[in-house]
Amino acid sequence: MKRFISLLFVLLALSAKAQTPLTVFETSNGLKTATYEEAITYYQQLAKDNEEINIQEIGLTDSGFPLHLVTLDLDKDFDFKKSYDKGKTIILINNGIHPGEPDGIEASMMLLRNYVQQADKKELVKNIVIAVIPIYNIGGALNRNSFSRANQDGPEDYGFRGNARNFDLNRDFIKADTRNTKAFYEVFHKVNPDIFIDTHVSNGADYQYTITHLATQHNKMGGALGDYILSEFTPQIEQKMKARNCEITPYVNVFNTPPDQDGFSQFLDQPRYSTGYTALFNTLGFMIETHMLKPFKVRVESTYSFLESVIEIAQNDGAKIRELKLARQQEYKPGTKHALDWRLTRSESTQITFKGYEGEKVTSTVTGQERLYYNRDKPFTKTLSYYNTFVPTEEMTIPKAYIIPQGWYKVIDLLKLNNVAFKRLSQDSSINVEVYKIDKFNTSKTVYEGHYTNNNVKVIASNETVNFRKGDYIISTDQPAARYLFETLEPAGADSFFSWNFFDTILQQKEYFSPYVFEDQAQQLLDAEPELRKEFNKKKKEEPDFSNNWYAQLDYIYKKSPYYEAAHMRYPIYRLVD
Ligand SMILES: [Zn+2]
């Protein structure tokens, strides 16, 4: 008995230690969230008190402050390559990409402390390394207010969505307009996680759940890894959350219609989003969205429960997830065909049990028109259709290599930041390559994240011998970054560099002709080339608009002549196919 009591004292002492340092969330009884300074100071203290925790600065953000990475590693290696080689499962948690949604910031702070200080928790992470970005959008976190999350129940004040330059960082993962994204690349490739979690708070419909999940879309992820996300990882998360009395449901992707009206569909996380980007490197990605109308305290607790559930799954499935990741990587080989974009199909659905509130139509006292009202006095449990099947819309074969002339250094620099391996031509060379002409595209009429993006891109491919210069880049696709290369360098990719305006200069013609001089050259061309003359006359005969437009006629001949520049509409990245 005496031994038992002294053991009890030791345990009490340990659990007392487990309470330091305390978070702002804890000392405010769940009403407040840490400022940027408070969060960093907290982690610095935690690292000082516990040698299994490390905090480091990596890269710079637009705010002028560096990005921080905090790591829990019981072996105290703090060397991700070494941890990877030891077969440890590596989890990367990103918080505060939208600092007005700070649930993950708080949950992660408590999680790392508890898992380093409580013996029973410590046991669970023997074979796991947890890396945490405390606050990703530092500029936004510094821009604190109490209003920008109009419909959210706490905390008292919080950061703003836009970063220091008003970019939404969760749209910047491919175009990398911000320093934050470039720092993220460094973190991501250094950590090389098996599992990536991005924490958010959602807007949208009202329902009973506090937390929803938004995994990397499984068809888009593809392969056995995609199947695993759908039929093993997600169901396990759902079971574990239920066991914690904190049920989770798929992210309720609706706008102003109640989810039980037509069911709802999965959100497609294209590469511009965090989990879409991590999918390009075959990392299992999961976004969580807690529900804005639930109190901050409950939301943070449910985020905590989610992170604990992921740790439990990682303990059992870590090796399998690693294997599936490497297997999926192997499937992106030169000569194989893959999708570049996907669309939802409504012909397949899953029936899910959903706990919602009846959505009623009542007359608005503001507009006098019909409005949607969720009646919390009428909770329901219904079976709904959930649409989570996406099919490819664009498919293409991966070339052996892409050749990028050195002048396109903005793209080359991003590839380098993404650990892409390359060779450079040792001498000027003529190489037979596949060349794309941009045939069709639309440019958006409204600005989106600092861009007027190019969409619905169609190309015409042809083979040509092109002269390259010494120093131009040969990027083999036989490397782990193959999927990233394929989806960013193929212009038809949903989030290709072409769509994000990296090549807009080729869309504009640089040289023109003076009509009064070109008249005589045009006549000479027609005289010298009977085929051209035949086509020209046919067009004149068949198209009245053309025959009435002298400039269009001269321009037609100009574009068929050697005077017309080769660079116009010609995609400047080339495919090596044989
Ligand atoms: Zn968000």
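What you see is a predicted model; the values in this text were computed from it and never measured.

Participant: Explanation requested: the pattern of salt bridges in the structure shown.
Facilitator: In a structure, side chains of opposite charge can pair up when their charged atoms sit close to one another. Considering all chains together, one arrives at 45 salt bridges under this definition. One salt bridge in this structure joins glutamate 123 and lysine 126, with 2.9 Å as the shortest N-O distance. Close ionic contact of lysine 355 with glutamate 247 constitutes a salt bridge, the shortest N to O distance being 2.6 Å. Here lysine 355 is found in strand E11 (residues 350-363), whereas its partner glutamate 247 is found in the loop between helix H10 (223-243) and strand E7 (248-250), with 108 residues between them in sequence. Within the structure, one salt-bridge network assembled from shared partners comprises Asp73, Asp75, Asp77, Lys82, Lys86 and Lys88.

Participant: Help me understand the packing of aromatic side chains, please; the structure alone is not making it clear to me.
Facilitator: Pairs of aromatic rings are described using the distance from one ring centre to the other and the angle between the two planes. Under the counting rule described, the total for this entry stands at 44 aromatic pairs. On the basis of an interplanar angle of 80 degrees and a centroid distance of 5.5 Å, the ring pair of tyrosine 42 and tyrosine 43 is categorised as edge-to-face. Given a relative accessible area of 5%, tyrosine 42 falls into the buried group. Owing to a relative accessible area of 1%, tyrosine 43 belongs among the buried residues under this scheme. Through a chain of ring-to-ring contacts, three or more aromatic side chains come together here, namely Tyr136, Phe173, Phe184, Tyr185, Phe188, Phe196, Tyr277, Phe281 and Tyr484. Sitting above the plane of the tyrosine 387 ring, arginine 346 keeps its charged end 4.2 Å from the centroid.

Participant: Would you mind showing me how to read the environment of glutamine 236 here?
Facilitator: Positionally, glutamine 236 belongs in helix H10. Remark: the alpha-carbon pair of glutamine 236 and leucine 293, spanning 57 residues in sequence, is separated by 26 Å. Dropping the residues within four chain positions of it, glutamine 236 is found in contact with Tyr228, Ile313 and Asp317.

Participant: Help me understand the coordination of the zinc ion, please; the structure alone is not making it clear to me.
Facilitator: In the first shell of the zinc ion, the protein supplies His98 (ND1), Glu101 (OE), Glu101 (OE) and His200 (ND1), at 2.0 to 2.8 Å from the metal. The coordination sphere of the zinc ion comprises 4 donor atoms, whose angles at the metal cover 51 to 152 degrees; the geometry is irregular. Binding-site remark: the zinc ion is held by donors from one chain whose sequence spacing is H-x2-E-x98-H. With glutamate 101 in the loop between strand E3 (89-94) and helix H5 (103-117) and histidine 200 in strand E5 (residues 195-202), this residue pair connects regions lying 99 residues apart in the sequence. A relative accessible area of 3% places glutamate 101 in the buried class.

Participant: In this structure, what is going on with helix H13 (residues 296-331)? I would like to understand it.
Facilitator: Note on helix geometry: an α-helix contains 3.6 residues per turn, so any two residues three or four positions apart are oriented the same way. For H13, spanning 36 residues, the distance from its first C-alpha to its last is only 43 Å, which falls clearly below the expected 52 Å at 1.5 Å a residue. At aspartate 317, H13 shows its largest kink, close to 75 degrees.

Participant: So what exactly am I meant to see when it comes to the side chain of aspartate 168 here?
Facilitator: Position of aspartate 168 relative to the elements: it lies in the loop between helix H7 (138-142) and helix H8 (179-191). Only 2.9 Å separates the side chain of aspartate 168 from the backbone nitrogen of asparagine 170, close enough to count as a polar contact. Every residue in contact with aspartate 168, bar those within four places of it in the chain, is listed here: His98, Arg161 and Glu449.

Participant: Would you explain the pairing of strand E14 (residues 401-404) in this entry?
Facilitator: Two faces make up the sheet, and in a regular strand the side chains alternate between them. Side chains Ala401 and Ile403 of E14 all project onto a buried face; the interleaved residues Tyr402 and Ile404 project onto the opposite face, where all are buried too. Pairing geometry for E14 and strand E18 (residues 473-476), over 4 bridges, is antiparallel. Bridge pairing in E18 places isoleucine 403 opposite isoleucine 474. Across 3 bridges, E14 lies against strand E19 (residues 574-576) in antiparallel orientation. Bridge pairing in E19 links isoleucine 403 to tyrosine 574.

Participant: Got a minute to help me understand a nonpolar patch on the surface in this structure?
Facilitator: A surface patch of nonpolar side chains, about 370 Å² in accessible area, is lined by Tyr512, Trp550 and Tyr551. Within the secondary structure layout, tyrosine 512 lies in the loop between helix H15 (482-489) and helix H16 (515-528).

Thresholds applied
Residues numbered from 1 in each chain as written. Predicted model: local features only at pLDDT ≥ 70, side-chain atom pairs only at ≥ 80, totals over all residues. Heavy atoms only, no water. Salt bridge = Lys/Arg side-chain N within 4 Å of Asp/Glu carboxyl O. Helix = DSSP H or I, 4+ residues; strand = E, 2+ residues; numbered from the N terminus. Phe/Tyr/Trp six-rings, centres within 6.5 Å; stacked < 30°, edge-to-face > 60°. Buried < 20%, exposed > 50% of the residue type's maximum accessible area, 1.4 Å probe, protein only. Lys NZ or Arg CZ within 6 Å of the ring centre and 35° of its normal. Contact = heavy atoms within 4.5 Å. Donors = N, O, S within 2.8 Å, 3.2 Å for Na, K, Ca; no water. Tetrahedral: all angles 85-135°; square planar, octahedral: opposite > 155°, others 65-115°. Expected span 1.5 Å × (residues − 1). Bend = angle between axes of the 7 residues up to and from the residue. Polar contact = N/O pair within 3.5 Å; in protein donor to acceptor, adjacent residues only side chain to side chain. Pairing = 2+ DSSP bridges. Patch = residues over 30% accessible without salt bridge, like charges linked within 9 Å, V, L, I, M, F, W, Y side chains within 5 Å. Areas by Shrake-Rupley, 256 points an atom, 1.4 Å probe, with all protein chains shown as cover.

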